[in-house]
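Fold and contact review
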Amino acid sequence: MSDLHANSVAFVRTETIPESPPPGVASGPIKWMRENLFATPANTLLTLVAIYMIYLILAPTMPWILNGVWNANSLSECREILNGKSGACFAVLSERWPQLLFGFKYPAEYYWRPTLAFVLLFAAVAPVLFFDLPRKLLVMTALYPFIAFWLIWGGTILVPILALVGCGVGYAVYQRFVASNFAAGFFGGIAAAFIVWSLGGAMIPEGASEAAMLQPVPSRDLGGFMLNMMLGVTCVSLSIPIGIALALGRQSSMPIIKWICVVFIEFIRGVPLITLLFVASVMLSYFFPPDSSVDLFLRVVIMITMFSAAYIAEVIRGGLAALPKGQYEAADSLGLDYAQAMRLIILPQALKISIPGIVNVAVGLFKDTTLVSVISMFDLVGMIRGPILASTEWNGVYWELLGFAALLFFVVCYGISQYSQWLERRLATDHR
Amino acid sequence: MKKSVIFGALTVAGLAAGAAAAGTLDDVKARGKLNCGVTTGLVGFAAPDANGNWDGFDVGVCRAVAAAVLGDPTAVEFVPTTGKTRFTALASGEIDMLARNTTWTFSRDVDLKFTFVGVNYYDGQGFMVPSELGVSSAKELDGATVCIQTGTTTELNLADFFRANNISYEPVPIETNAEAQQQYLAGACDVYTTDASGLAATRATFENPGEHVLLPEIISKEPLGPLVRHGDNEWGDVVRWSLNALVTAEELGVTSANIAELSAGTNNPEVNRLLGTEGSLGEMLGLSADWAKNAIMAGGNYGELFEKNIGENTPIGLARGLNAQWTDGGLIYSPPFR
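Residues numbered from 1 in each chain as written. Chains lettered and ligands numbered in written order. Predicted model: local features only at pLDDT ≥ 70, side-chain atom pairs only at ≥ 80, totals over all residues. Heavy atoms only, no water.

So, on to the domain arrangement of chain B. Residues and elements named next belong to chain B. According to the domain assignment, chain B contains domain 1 (25–120 + 225–328) and domain 2 (124–220). Between domain 1 and domain 2, the C-alpha centre-to-centre distance is 31 Å. Across the boundary between the two partners, domain 1 contributes five residues, which contact five residues of domain 2. Summed over both partners, the interface of domain 1 with domain 2 comes to about 350 Å²; 79% of that surface belongs to carbon and sulfur atoms. For the pair domain 1 and domain 2, the number of links is zero salt bridges. Our count for the domain 1 to domain 2 interface comes out at zero residue pairs in polar contact (both at pLDDT 80 or more). Partitioned by chemical class, the residues of the side of domain 1 that touches domain 2 number five nonpolar, no polar and no charged. (Domains from an automatic or database assignment. Contact = heavy atoms within 4.5 Å. Buried area = accessible area lost by both parts, 1.4 Å probe. Salt bridge = Lys/Arg side-chain N within 4 Å of Asp/Glu carboxyl O. Polar contact = N/O pair within 3.5 Å; in protein donor to acceptor, adjacent residues only side chain to side chain. Nonpolar A, V, L, I, M, F, W, Y, C, P; charged D, E, K, R; others polar.)

The following block contains the structure:
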């Protein structure tokens, strides 16, 4: 056949033509734009309107940001430098930078202490957040609260060591008794820790703090974004275990435990957080004698923790309710006791379901820490609204400061949200 | 048995509380520090600088009291309070005195059980308008939109003023001073009304302060002064006379510059009594003889404090006005040191 053709046809191509690139309008960014931005007339119209809107927003803001003044000593100096042009006065951020981060009373020579605590925070939370890391790193997590306390507040090192020893003894007692009886182990551990703390507390010499390696810094001197971070981290990490306990307690078949949990959750959820904070800062000082009041930071931590624990408890209850009854029955039929069934079968599934809800509460809680500014604690927002805007130099700078605060909070909250999405993907075991 | 234990504990607690309330002066001396409540930040009156040192007109009063009692103007623990926490902080004993631009009113004095020891600034509600409106008196504001902070006495004063003058207005309710500045500059309202000192401070932060004027009418009385708890008259006397010492010092021409020279002894017996070279006024208060000298040296006399923090040479630029000495036609007047 081919011979015949060779004689009758002048030319036959024997190999395929190389693929030519698709025409310009059907490939690359143009195709993408045609498909996504200008597919239909209505679509085109919306795109043009949206572009115009973005232009309207960016046209004044970009020059404002790019013209920003970073070096000046006061707002009027900023305006002199700008000389009528539109521009931001970011100089307030550079001049008050340490105040925004650490508050106005934290001694400047000790800024390295909270900074170091912040860096160590990553080392401490990493093994908790990323469980592929070696488990031995959890030692760092266990030690971190005591190290961070010592770094930020300073004072004698005996206090955190004593707290650590108390926790260690409590854990040892728990381990010793938990095999025979969970309640004996749990309450025995708490009692042992308290005995160690009270005995040890009597032994710490008077005035040890003054001579300590790290100078003590009172809670009242904490402030700035540091305070938000401290409150956020402490309260989130405390409220998750408490929330789990409350959620399980609410499902308990023991009426007293059940009712205590129900009343606690419903009461706390029915009261605004700001009311609780006022009680913490204002009312409690009426009940305590003037000299023996509980530390303000501790009071606020207790109140915020209680608040978010109640919410987390309800989120986890939702997770528990979503589990099929068969899971509970399966655990029972394997002969597991309550603690084992919860730990090995129920909670891992319920918590996985609850992750979005828990993260939602955690993000909300972190932002709620700015509410402490109304009880005259100088967190980031409190610093901005109070001392910085009230100084004669910077009165009148709003956008720059509040925009900066928004940026800091966005970075942290977005990070939390991205982590939770990663966690959900990582834990996904079903095949949807 | 159990009940009696509880009652016993209550009695002891009550006695302890009573003892604590009775001797604020001794408490302060024993502590070596004065706990002074200030605002969380108000331009010119109290605000920490970039290094965290408190400065301002109200702060000056705290420092003067600390200097009078302890001899050291830096021996003050400043406790920032908000409008909501200030009274409980004082009543619960967390602070020894409150110097936080607080208006002296009947109910605060009588019902909340505080003692106002004097007035360090006579304020009053005023109006600010853009000068291009061409308004020269608040009575010409018929039909104006007014930016006003909700839930304050200024709101009530405003309603009273407009009703009394039989003119109408449209209120634009706002929450904070910061919001008010933005709304006013954006033209959401023709007039902004709040305390005159606050208006002056706000105006000073504008890009073009000259385009805005404060109207001459002051429509309310806002005497601002330091206060202490009811029931501890000795401590109240200390704070009252520390403030009076600053006022009298200005009246008698005693300044932080010439005080060293004058305290060597002068021909004016009142100056001598004030500075402790004659008589025993300090002893009567339970303080050292040079208490008033220390108080004045802390930040200068009343006039010096005023000029340095809120006076005409500062960005706030308040004139003395009502806050001039009585000899200059103002209301600042101290009882004699005798």
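Taken together, the side chains of L45, V49, Y52, M53, I54, Y55, L56, I57, L58, M62, I65 and L66 of chain A define a hydrophobic patch exposed on the protein surface, amounting to about 1200 Å² of accessible area. Inspection of the secondary structure puts L45 of chain A in helix α3 (residues 41–66). (Patch = residues over 30% accessible without salt bridge, like charges linked within 9 Å, V, L, I, M, F, W, Y side chains within 5 Å. Areas by Shrake-Rupley, 256 points an atom, 1.4 Å probe, with all protein chains shown as cover. Helix = DSSP H or I, 4+ residues; strand = E, 2+ residues; numbered from the N terminus.)

With that settled, the discussion passes to the interface of chain B and chain A. Listed as interface residues are 34 residues of chain B and, on the opposing side, 28 residues of chain A. Both faces considered, chain B and chain A share a buried interface measuring about 2400 Å² in area, 58% of it formed by carbon and sulfur atoms. Of the charged contacts in the structure, one is a salt bridge between E94 of chain B and R220 of chain A, with a shortest N-O distance of 3.9 Å. The interface formed by chain B and chain A contains eight residue pairs in polar contact (both at pLDDT 80 or more). Taken together, the elements giving at least two residues each to the side of chain B that touches chain A come down to β2 (47–48), β4 (76–81), α4 (86–91) and α7 (177–185) of chain B.

Residues and elements named next belong to chain A. Its 18 residues give helix α7 (residues 112–129) an end-to-end C-alpha distance of 26 Å, which sits within 8% of 26 Å, the value for a rise of 1.5 Å per residue. Burial in α7 covers these residues: R113, P114, A117, L121, A124, A126 and P127. On the buried face of α7, the contacting elements are α6 (97–102), α8 (138–153) and α11 (224–250). (Expected span 1.5 Å × (residues − 1). Buried < 20%, exposed > 50% of the residue type's maximum accessible area, 1.4 Å probe, protein only.)

This paragraph deals with the pairing of strand β9 (residues 144–149) of chain B. All names here are of chain B. For β9, the tally of buried residues reaches six of six residues, placing the bulk of the element in the interior. Of the two faces of β9, the one lined by A144, V146 and I148 and the one lined by T145, C147 and Q149 are each fully buried. Direction of pairing for β9 relative to strand β11 (residues 191–195): parallel, over a ladder of two bridges. Residue pairing for β11: C147 is matched across the bridge by Y192. (Pairing = 2+ DSSP bridges.)

Turning next to the pattern of salt bridges. Between side chains of opposite charge, pairing is possible as soon as their charged atoms come close. Enumeration according to the criterion identifies 19 salt bridges over all chains in this entry. Note that K105 of chain A is salt-bridged to E77 of chain B, the shortest N-O span being 3.3 Å. Here E77 of chain B lies in strand β4 and K105 of chain A lies in the loop between α6 and α7, a pairing that spans two chains. Residue classification places K105 of chain A among the partly exposed residues on the basis of a relative accessible area of 22%. E77 of chain B serves as the salt-bridge partner of R220 of chain A, at 3.5 Å between the closest nitrogen and oxygen. In this pair, R220 of chain A is assigned in the loop between α10 (182–203) and α11 and E77 of chain B in strand β4, connecting two distinct chains. Residue class for R220 of chain A comes out partly exposed when judged on its relative accessible area of 37%. Residue E77 of chain B is classed as buried on the basis of its relative accessible area, which comes to 19%.

All names here are of chain B. Counting all residues, the mean pLDDT for chain B is 87, and 93% of those residues have values of 70 or more. Low pLDDT (under 50) marks residues 1–21, which in the prediction has two contacts with non-local residues, meaning those over four places away or in another chain. Here the complex is predicted with pTM 0.80, and the ipTM for its interfaces comes to 0.73. (pLDDT = per-residue confidence, 0-100.)

What follows is about unusual backbone geometry. All names here are of chain B. At N101, a residue that is not glycine, the phi angle is positive and equals roughly 20°. By the secondary structure assignment, N101 is in the loop between β5 (97–98) and α5 (106–110). Backbone geometry places K113, a non-glycine residue, at a positive phi of 65°. Here K113 is to be found in the loop between α5 and β6 (114–116).

With that settled, consider the state of the cysteines. Inspection of the entire model under this criterion finds three disulfides over all chains. With a sulfur-sulfur separation of 1.9 Å, C36 of chain B is cross-linked through a disulfide to C62 of chain B. On the sign convention where negative is left-handed, the bridge of C36 of chain B and C62 of chain B, at about -55° about the S-S bond, is left-handed. Separated by 26 residues along the polypeptide, C36 of chain B in strand β1 (residues 34–39) and C62 of chain B in helix α3 (residues 57–70) bring together distant segments of the chain. Across the pair, exposure class does not vary: C36 of chain B and C62 of chain B are buried alike. When the cysteines of chain B that form disulfides are numbered from the N-terminus onward, they connect as 1-2, 3-4. There is no disulfide at C413 of chain A, and the cysteine sulfur nearest it, in C235 of chain A, is 14 Å away. (Disulfide = S-S within 2.5 Å.)

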